Structures are given as C-alpha cells and as structure tokens.
Amino acid sequence: MAAVSSLCFSAIGQSYGDRKFNASSSSARYLASNFRGFRFRTTLLYQSVGVGVSTTSSASLVHCMCTATDVPTVSETKSNFLKAYNRPIPSVYNTVLQELIVQQHLMRYKRTYRYDAVFALGFVTVYDQLMEGYPSDEDRDAIFQAYIRALKEDPQQYRIDAQKLEEWARAQTSSSLIEFPSRDGEVEVILKDIAERAGGKGSFSYSRFFAVGLFRLLELANATEPQVLEKLCAALNINKRSADRDLDVYRNLLSKLVQAKELLKEYVDREKKKREERSESQKANEAIQKCLGDYQYISQ
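None of these values were measured; they are calculated from a predicted model.

Reading the values: the criteria
Residues numbered from 1 in each chain as written. Predicted model: local features only at pLDDT ≥ 70, side-chain atom pairs only at ≥ 80, totals over all residues. Heavy atoms only, no water. Helix = DSSP H or I, 4+ residues; strand = E, 2+ residues; numbered from the N terminus. Buried < 20%, exposed > 50% of the residue type's maximum accessible area, 1.4 Å probe, protein only. Contact = heavy atoms within 4.5 Å. Areas by Shrake-Rupley, 256 points an atom, 1.4 Å probe, with all protein chains shown as cover. Axes fitted to C-alpha atoms, helices over the stretch in contact; angles between N-to-C directions. Parallel < 35°, antiparallel > 145°, perpendicular 65-115°, else oblique. Left-handed = near helix turned anticlockwise from the far one by under 90°. Nonpolar A, V, L, I, M, F, W, Y, C, P; charged D, E, K, R; others polar. Salt bridge = Lys/Arg side-chain N within 4 Å of Asp/Glu carboxyl O. Expected span 1.5 Å × (residues − 1). Arc of directions from axis to C-beta. pLDDT = per-residue confidence, 0-100. Phe/Tyr/Trp six-rings, centres within 6.5 Å; stacked < 30°, edge-to-face > 60°. Lys NZ or Arg CZ within 6 Å of the ring centre and 35° of its normal.

Draft legend 1. Highlighting the overall build of the chain. Looking only at helices and strands, one finds 13 helices and zero strands in the chain. Taken from N to C terminus, the helices and strands of the chain fall in the order α-α-α-α-α-α-α-α-α-α-α-α-α. Looking at the 300 residues of the chain, the share that counts as buried comes to 44%. Excluding contacts between residues fewer than 6 apart, the proportion of contacts in the chain whose partners are at least 24 apart in sequence is 79%. Of the roughly 15,400 Å² of accessible surface on the chain, a fraction of 48% belongs to carbon and sulfur atoms.

Shown next, in the form of structure tokens:
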C-alpha cells in the first residue's frame, strides 16, 4: 500500500497583498468533477436517514439516531455553513467544499451514524490536504470551524481526536498496531469499541472518511505492507475489499487534485506576470512624463 504522504497536494501560490484571490473557473470545474469520485453512495444515504428512534435500550445506539424533526435538510446545512463563514472562498476550494458538505450531511444523518475518532482523523486528513495552500491559515481554520458546526458537531473534538490518534500511531509498529485488542489504553479502547460495533453489536456506518483514517494510522506507523491493512481490517471487523477500493479512490482523488491545483497555480502565475508587466509599463510612462516635465521646466 502506498503511503498517503507520497500523494500530498502541491501548494497553489499565495494571495498578493490585499488583492482578492480569483481562481479560474475551469480549474474549479476540473477539481469538482474529479472530486465526485470520492462521493458516498448518495441514494443509499438518502434512504438511510433516520425517521424514528429505535426502541433498543442501548444508549450508544439511541445517541446516533435522529427523529424526522431532528434531521435538517441539505439546504439548511449549507445555509448554516455560509452564515457561519460569510466571506468569499476561492472557487477552486468552494466548489469542492459545497460538494463535500452535501455528501457528509447525508452520511451524518444516517440512522446508523455514530461519530468516532478514526472517522475524525480521516476527515481532518482530507480537509487539511484539500485546503493546503489556502491563502490564509486563519481563514482555513475558520472555514473548518464553520463546516463542522454546520453539521451540528464539535470542530474542537475533531481536531483533538485526530491529533490523539496521530500521536498514538507514531509510537506504533506494524505488530503493535494490530495488537490493540489485547492491550489497554485510551486509543485501544476507542478501536475496540469500533470493532465491537462494526461486528454487529452496535451502530456503525463505514465510510470513506473512516477508510482514510485507517490509511493515516498505517502511514504514521510506517506500516505500509498490504498484510498489515488486511490484519487491521480483520481486527476492526471492516471489509478489506471496501477499504482497498476506497484507497484506490482516495489516491486517484489526490492525484486529480494535484493536477487541478497545478492548473490553478499556472493561472495565478500568469496573472501575477501580467500585473508585473503592467506595473513596469506604468512606471516607465511615469518616468518619461517626469523627464518631460523637468525638461519643460528647464526650458522656461
């Protein structure tokens, strides 16, 4: 399995001064069209949105389910995001964010959905790579906050849990990573809970964000051998075939995003060069006008 880090996004340049950053619409369309490969199964998600609460006595299961009145519409979620972050977002980013929030809304309100730290790590990984090169770090964080809150979840919890799993994974080896069922620890408890729910003893909804979270754990533990993924999936009661498929989708997505951002960088570089050429021409004209003015003054 290829390491995720080998597919990181290229930077797309910076904003120039206080000038508004305008991404080319062609780059945005290209990026969005390829991002759709990362979609969740939309039809199934619509059919799975909760319309009632189970009568089971399991508190964790009730926690993840929604009544019909609890479920906002997609447009309401998008509206909440735009209200929370009402500044312009460059189109190459905004197009993908709008697509992403629709898909995550449908997943978020599935009856079987329950937040977990691996899912959080997967989303944070995708978001940070998607937004790499954004003109402002402060705005990038503000967009993250608005996005998660629009889904009625806690952005701080996402960041804390993602960091917790990253720190844990860096201290693991190929062997220790898959031995979590026999060990004690905060992260081990999280993974054992996921394995139990995925095994049919609770509510669990597999998603590509969860798969990306697994890949990130493997990457940080330097456990890139295919058999490690197979054993980890078995320990978590996750279908490895689904994970393999989603890894291919994810790698393809990153490759397409790199290409799209390269197109955008070329566009930005061309615009910068044009501005510089206009500026130099203006300075030359001003110098000529000054010389002419000085000459006329001396001639009087």
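Continuing now.
Draft legend 2. Main features of the packing of helix H6 (residues 117–130) against helix H7 (residues 137–150). Packing of H6 against H7 leaves a shortest axis separation of 12 Å and a crossing angle of 140°. Considered as vectors, H6 and H7 are oriented oblique to each other. The way H6 lies across H7 gives a crossing that is right-handed. Within the contact between the two elements, H6 uses Phe123, Val124 and Tyr127 and H7 uses Arg140, Ile143, Phe144, Tyr147 and Ile148. Looking at side-chain class alone, the contact of H6 with H7 contains seven nonpolar, no polar and one charged residues.

Draft legend 3. Broad picture of the environment of Leu130. Here Leu130 is to be found in helix H6. Sequence separation between Leu130 and Leu97 is 33 residues, and the spatial gap between their C-alpha atoms is 9.1 Å.

Draft legend 4. Spotlight on the pattern of salt bridges. The final tally for this structure, using the stated rule, is 15 salt bridges. Between Asp128 and Arg159 there is a salt bridge; the shortest N-O distance is 2.9 Å. Of the two residues, Asp128 sits in helix H6 while Arg159 sits in helix H8 (residues 155–170), which places them 31 residues apart along the sequence. Here Asp128 falls in the partly exposed class, since its relative accessible area comes to 31%. Arg245 is the partner of Asp246 in a salt bridge, and the nearest nitrogen-oxygen pair spans 3.3 Å. Classification of Asp246 as buried rests on a relative accessible area of 2%.

Draft legend 5. Representation of H8 within the structure. The end-to-end C-alpha distance of H8 is 23 Å, a good match for the 22 Å that 16 residues give at a rise of 1.5 Å each. Of the residues making up H8, those classed as buried are Pro155, Tyr158, Asp161, Ala162, Leu165, Glu166, Trp168 and Ala169. Viewed end-on, H8 has its buried residues packed into an arc of 165°, placing them on one side of the element. Buried residues belonging to H8 abut helix H5 (91–108), H6, H7, helix H9 (174–177), helix H10 (186–201) and helix H11 (208–220).

Draft legend 6. Summary view of the confidence of the model for the chain. When the pLDDT values of the chain are averaged, the result is 78; 72% of them are 70 or greater. Under a pLDDT of 50 for its full length, residues 1–24 has, in the predicted model, 59 contacts with residues more than four places off or in other chains. The low-confidence segment residues 40–65 (pLDDT under 50) makes 52 contacts with residues lying over four places distant or belonging to another chain.

Draft legend 7. Structural view of H10. Among the residues making up H10, those that are buried are Val187, Glu188, Leu191, Ile194, Ala195 and Arg197. Buried-residue contacts for H10 involve H6, H8, H11 and helix H12 (226–236).

Draft legend 8. Expanded view of the packing of aromatic side chains. Counted according to the given criterion, the structure contains 14 aromatic pairs. Centre to centre, the rings of Tyr127 and Phe144 are 5.1 Å apart; their planes meet at 65°, and the pair counts as edge-to-face. Placement of Tyr127 in helix H6 and of Phe144 in helix H7 is noted, with a sequence separation of 17 residues between them. Pair check on accessibility: Tyr127 and Phe144 agree, each one buried. Through pairs of rings, three or more aromatic residues link up here, namely Phe81, Tyr113, Tyr115, Phe119, Phe123, Tyr127, Phe144, Tyr147, Tyr158 and Phe209. Note that Arg108 overlies the ring of Tyr109, its terminal NZ or CZ placed 4.7 Å from the centroid.

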